[in-house]
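Descriptive analysis of the structure
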Amino acid sequence: MRKVIEGSHAVAEGVRLARAQVISAYPITPQTHIVERLSEFCADGTLDARFLRVESEHSALAALIGAASTGVRTFTATSSQGLALMHELLHWASGARLPIVMANVNRALAPGWNIWADQTDSLAQRDTGWIQLYCEDSQEVLDTTLQAYRLAEWVNLPVMVILDAFFLSHTYEPVDIPDQETVDRFLPPFQPRFHLNPESPCTFGQMSPPGVYMEMRRSIQAAMEDALVAFADVEEEFSRAHGRRYGPVEAVHCDDAGVILVTSGTVTSTSRQVIAELRARGEKVGLLKIKLFRPFPVESIRAALGRARKVAVIDRNFSFGASGIFAQEIRAALCNLRGHPAVFGYIAGLGGRDVTTAVIEEIYIRTRDAEAPKEESIWVGLQEVKHAP
Amino acid sequence: MHLETMDREYIHSGHVGCPGCGAAIAMRFVLKALGEKTIMVMPACCWSIIAGPYPQSTLKIPMLHAAFETGGAVASGVRAALDVKGDSDTTVLAWAGDGGTFDIGFQALSGAVERNEDFLYVCYDNEAYMNTGVQRSSSTPYGAWTTTTPGRQWKRLRKKNIVEALVAHRIHYAATANIAYPEDLMGKAAKAKTMTGSRFLHIFATCPTGWRLPSEMSVKIARMAVQTNIFPLYEVEDGVRYTINFMPKGYLVNEYFRLQGRFKHLSDEDLAEIQEMVDEDWNLLLRKAGMAPA
C-alpha cells in the first residue's frame, strides 16, 4: 500500500511489520516521532510488543541487552547525545552478539547546541561492532529496517539503521508499505541461537581472561565478514519479495567517469540531480552512494572507483585532527590499489547546513580543475568569522 | 520455611571469593530461597570475579553479566522478554554490590522501581568498592578508612540510606537482611519471590579483606552490626508499612568498631559521636514503625 508518510514513521512501520517484541527508548529530538508512533502502535494493539519507557538512552540499550539475551526481537531509536550516552553499551551489544536493531537519526553533537543533521554521531561509533546502514529516502528507511532484522539475526550482530535529521526524519514522501504476509515470509519469527533459560543454565558475558578474549574478538570480525555476504543474500530475497534493492554501494555512471562523487544519506539525492545536469552538459562525472558503512564494502568500492582519475568525498561529519570520516575510509580502501585515483575530501553540511545543488556542483568543479588535493579536507561554504578585537 | 531449602544448593562448592566473603554467603542463601527458576542479572561487582572465569561458573542458574550501572535496566529487559514469551514463573534477580546500587547504578534502579518493574533486586553491601581494591562508596559508613579516604581523610560523611531512598519510590517491598541471620534472610527472599512488582533486599555482607578483619570474624561482625543497631533488620511494604524484625538488647557500637582495622584511627570522641548517629537513626526507624513517640 502506497502512503505519504514521514521518514520517522517509515522506521516505525518497519518495526511494526518486523513484529518487534520488546521496544525500549528515551526521547530525543529528532528521534521522537519514531517512538511516539511505536507507542501508539503498542497502545492500540497494532503491535503486540512491550514498550519500556526507560529513564535514559543508556538504560534503553541496557534493557534491550537483557531482552535480546532472553531471546526476543528488540528495537530502540536514538540520536546524537543519546547515541553518545549509549557508547559503552554499543560495545556490549556487539560483544554479546545480540541482534538488536536501532534507528539513529543523525544529529549534530553539542556544544553549540544543534538538533540538525550531521553524521558525526553515528560515524564516531564505527569501532563498536555494529553494522551500519545509511539511508537516502523514506522507502529505503522502511526497507532497510526490515532487512536489518534479517541481517542481525543471521550473523548475530546489532544493526544501526541511519537517517538524516529532518531531511529524512521529518519529511513526508510516498512510501510503499508492504503487507504483513509478505514481510512474515521474508522475516519469520526470531529463533535465537542462545538465550537465558533456567532449564539450560549458562553464564553470559562473564570474566574472560587473555587466553580466550582474543578469539572472541576475532569471531566478531568473522561475523562482520559474513555480514558482507549475508547482506547480498538478504537483499536478493528482499528484492524477490518486494521488487527493490539498494546494494552495499550504488554506482551511478561510474564506468566512464573521470571524477566520482562519494556520498551517503540525503546528500545522495541532491547529488543525483547535479550529476544528471552535469552529464547533460557533457561532464564525465559519476556518483557512488555508500549505504553499508560497517562492514565496509572495500571490494565494491574499489571496483566502482578504481578506474576514475579523481574521487570527491562529501562528508557531513568530521574527525578532529584528521579529516572527514568517509574520506578516511575511502583513502584506506584505495591505497593499496595500483594507480588509484586522487581522493579529495570535502566537508559540507555540518549541523544541518544545506548541501544544495550549487554546493555539490562547486565540489565537482573544484575537483575537476585541481591537479591534486592540496589539503586533507576542504571545508565548503565557510563564512568569514569576525572575532572580537 | 520448608526444610528442603537447606538441602538445595545453587552454587557449586568452588568459587574464587576471599576467605570469609560475606557476598558468597549471601548468594548461597538467596539462591536457596529462590530456587532454580531464576534468571540472574549481575552488573559488575565482586561477584563478577567470584563466579569464576570463562568457561567455568560456580552458578547453577542462568546469569547475564551486565555493565556496572545497568542492573535495573537489564533486569527490566529480561523481565519484559519473559513476559512477552508468557513466562511468569521465572524470577528475575538483579544482583549488585553497593557501588552498582547506591552510586553508579542508582539511576537505572530508580527508573526501574518507578516503573514498578517485576523483579527482585538484591544489593549485597560490603560498604566500599571492594572488587577494585577498597575505594569509598556512598555506602561506606562514617568513620571508615578506604584506599580513597586514607589517613586523616577518613570518611566524615554518613552512609546513604538506600532503603529509605527506595521507600520514597513507594517500592512494593524493601527489606534489610544480614548474612548472620540466615533464616531471616532466606525468609525475606522467599517472601519477595512470591510478590510481583519491584522488590529490594539490602543484605549486609562482610568483607574481611576490605574491613581489615580476620576472615573467621566475618559472621560475628555482621551479627554485631544488627545487635548494635548499626544495621537494623526491618521491612517496608508499599513504602509505608514498617516492620522491625529484630529488637536488639542495645549493645554499644564500640566493640564493633574496635574489631575492624578500617576504623582503628577513630578516637573515643569519634565513637561517641557515631553512637549518637546510630541512636538517632534507630529512633527515627522506631518512629516510622510506630514504636516510639513521634
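Definitions and cut-offs
Residues numbered from 1 in each chain as written. Chains lettered and ligands numbered in written order. Predicted model: local features only at pLDDT ≥ 70, side-chain atom pairs only at ≥ 80, totals over all residues. Axes fitted to C-alpha atoms, helices over the stretch in contact; angles between N-to-C directions. Helix = DSSP H or I, 4+ residues; strand = E, 2+ residues; numbered from the N terminus. Parallel < 35°, antiparallel > 145°, perpendicular 65-115°, else oblique. Left-handed = near helix turned anticlockwise from the far one by under 90°. Contact = placed C-beta atoms within 7 Å. Buried ≥ 20, exposed ≤ 12 C-beta atoms within 10 Å, placed from the backbone. Pairing = 2+ DSSP bridges. Nonpolar A, V, L, I, M, F, W, Y, C, P; charged D, E, K, R; others polar. Domains from an automatic or database assignment. Expected span 1.5 Å × (residues − 1). pLDDT = per-residue confidence, 0-100. Right-handed = clockwise from strand over helix to strand, strands pointing away.

1. As for the packing of helix H3 (residues 57–69) of chain A against helix H3 (residues 71–84) of chain B
In a packed pair of helices, the relevant descriptors are the angle between the two axes and the axis-to-axis distance. With their axes 6 Å apart at the nearest point, H3(A) and H3(B) run at an angle of 45° to one another. Comparing their axes, H3(B) and H3(A) come out oblique. Considering only the axes of H3(A) and H3(B), their crossing is right-handed. Facing H3(A), whose interface residues are Ser59(A), Ala62(A), Ala63(A), Leu64(A), Ile65(A), Gly66(A), Ala67(A) and Ser69(A), H3(B) presents Ala73(B), Val74(B), Ala75(B), Ser76(B), Gly77(B), Val78(B), Ala80(B) and Ala81(B).

2. Focus: the pairing of strand E4 (residues 74–78) of chain A
All names here are of chain A. Counting buried positions along E4 yields 5 of 5 residues, so the element is predominantly enclosed. Side-chain alternation along E4 places Thr74, Thr76 and Thr78 on one buried face and Phe75 and Ala77 on a second face that is also buried. Taken together, the 2 bridges between strand E2 (residues 22–25) and E4 define a ladder with parallel strand orientation. Of the residues in E4, the one forming a bridge with Ile23 is Phe75. Note: E4 against strand E5 (residues 101–106), 4 bridges, orientation parallel. When the bridges of E5 are listed, Thr78 appears paired with Asn104.

3. Details of the interface of chain A and chain B
In many analyses, interface size is given as the accessible surface area lost on bringing the parts together. Opposite the 35 residues of chain A that make contact, chain B presents 37 residues. Taken together, the elements giving at least two residues each to the side of chain A that touches chain B come down to E2, strand E3 (50–53), H3, helix H4 (80–95) and strand E9 (203–204) of chain A. A total of 8 residues in the side of chain A that touches chain B trace back to one element, the largest contributor, which is H3(A). Split into classes, the residues belonging to the side of chain A that touches chain B amount to 19 nonpolar, 13 polar and 3 charged.

4. Regarding helix H5 (residues 106–114) of chain B
Those residues of H5(B) not exposed but buried are Phe106(B), Ala108(B), Leu109(B), Gly111(B), Ala112(B) and Val113(B). In this structure, the buried residues of H5(B) make contact with H3 of chain A together with H3, helix H4 (98–103), strand E4 (120–125) and helix H6 (162–167) of chain B. Following H5(B) by one or two positions, Asn116(B) adopts a phi angle in the positive range, close to 55°.

5. Description of unusual backbone geometry
Residue and element names in this part refer to chain A. A cis amide bond links Thr29 to the next residue, Pro30, at an omega of 5°. Relative to the assigned elements, Pro30 resides in the loop between E2 and helix H2 (32–43). Cis rather than trans, the peptide bond between Pro111 and Gly112 has omega equal to -15°. Take Gly112: it is sitting in the loop between E5 and helix H5 (120–123).

6. Notes on the domain arrangement of chain A
Residues and elements named next belong to chain A. According to the domain assignment, chain A contains domain 1 (2–190 + 207–242) and domain 2 (249–379). Taking only C-alpha atoms into account, the centre of domain 1 sits 26 Å from that of domain 2. Taken together, the contacts link 27 residues of domain 1 with 21 residues of domain 2. No other element matches the 5 residues that helix H8 (residues 210–242) contributes to the side of domain 1 that touches domain 2. Its residues assigned to classes, the side of domain 1 that touches domain 2 shows 16 nonpolar, 5 polar and 6 charged.

7. Quick word on helix H1 (residues 22–34) of chain B
Residue and element names in this part refer to chain B. Here H1 is 13 residues long and its end C-alpha atoms lie 18 Å apart, about the 18 Å a rise of 1.5 Å per residue gives. Taken across its 13 residues, H1 has 12 buried, putting it largely inside the fold. For H1, every residue scored as buried is listed here: Gly22, Ala23, Ala24, Ile25, Ala26, Met27, Phe29, Val30, Leu31, Lys32, Ala33 and Leu34.

8. Brief notes about the confidence of the model for chain B
Overall, the predicted model of chain B reaches an average pLDDT of 96, with 97% of residues at or above 70. The ipTM assigned to the predicted complex is 0.97, against a pTM of 0.97.

9. Section: the sheet that holds E9(A)
Within the open sheet, the 9 strands sit side by side as E9(A)-E2(B)-E1(B)-E3(B)-E4(B)-E6(B)-E5(B)-E7(B)-E8(B). Their pairing is mixed. Edge positions in the open sheet fall to E9 of chain A together with strand E8 (241–244) of chain B, since each of these has one partner strand only. Sitting on the sheet, H3(A) is in contact with E9 of chain A together with strand E1 (38–43) and strand E2 (63–66) of chain B, with an inclination near 155° to E2(B).

10. Considering the packing of helix H9 (residues 267–280) of chain A against helix H12 (residues 357–369) of chain A
Residues and elements named next belong to chain A. Packing of H9 against H12 leaves a shortest axis separation of 9 Å and a crossing angle of 60°. Considered as vectors, H9 and H12 are oriented oblique to each other. Two packed elements cross with a definite hand, and for H9 against H12 that hand is right-handed. Two secondary-structure elements touch here, H9 through Thr270, Ser271, Gln273, Val274 and Leu278 and H12 through Thr357, Ile360, Glu361 and Tyr364. Split by residue class, the contact of H9 with H12 holds 4 nonpolar, 4 polar and 1 charged.

11. What to know about the sheet that holds E5(A)
Residues and elements named next belong to chain A. The mixed open sheet is built from 7 strands, whose spatial order is E3-E2-E4-E5-E7-E6-E13. At either margin of the open sheet sits one strand with a lone partner, and together these are E3 and strand E13 (292–294). Across the sheet, the mean angle separating the axes of adjacent strands is 20° when strand polarity is ignored. Docked against the sheet, H3 engages E2, E3 and E4, running at close to 165° with respect to E4.

12. Here we look at the pairing of E3(A)
All names here are of chain A. The side-chain alternation of E3 yields one buried face, formed by Arg50 and Leu52, and one unburied face, formed by Phe51 and Arg53. Pairing geometry for E2 and E3, over 4 bridges, is parallel. Bridged to Val22 within E3 is Arg50. After leaving E2, the chain enters H2 and then returns to the sheet as E3, a path that is right-handed.

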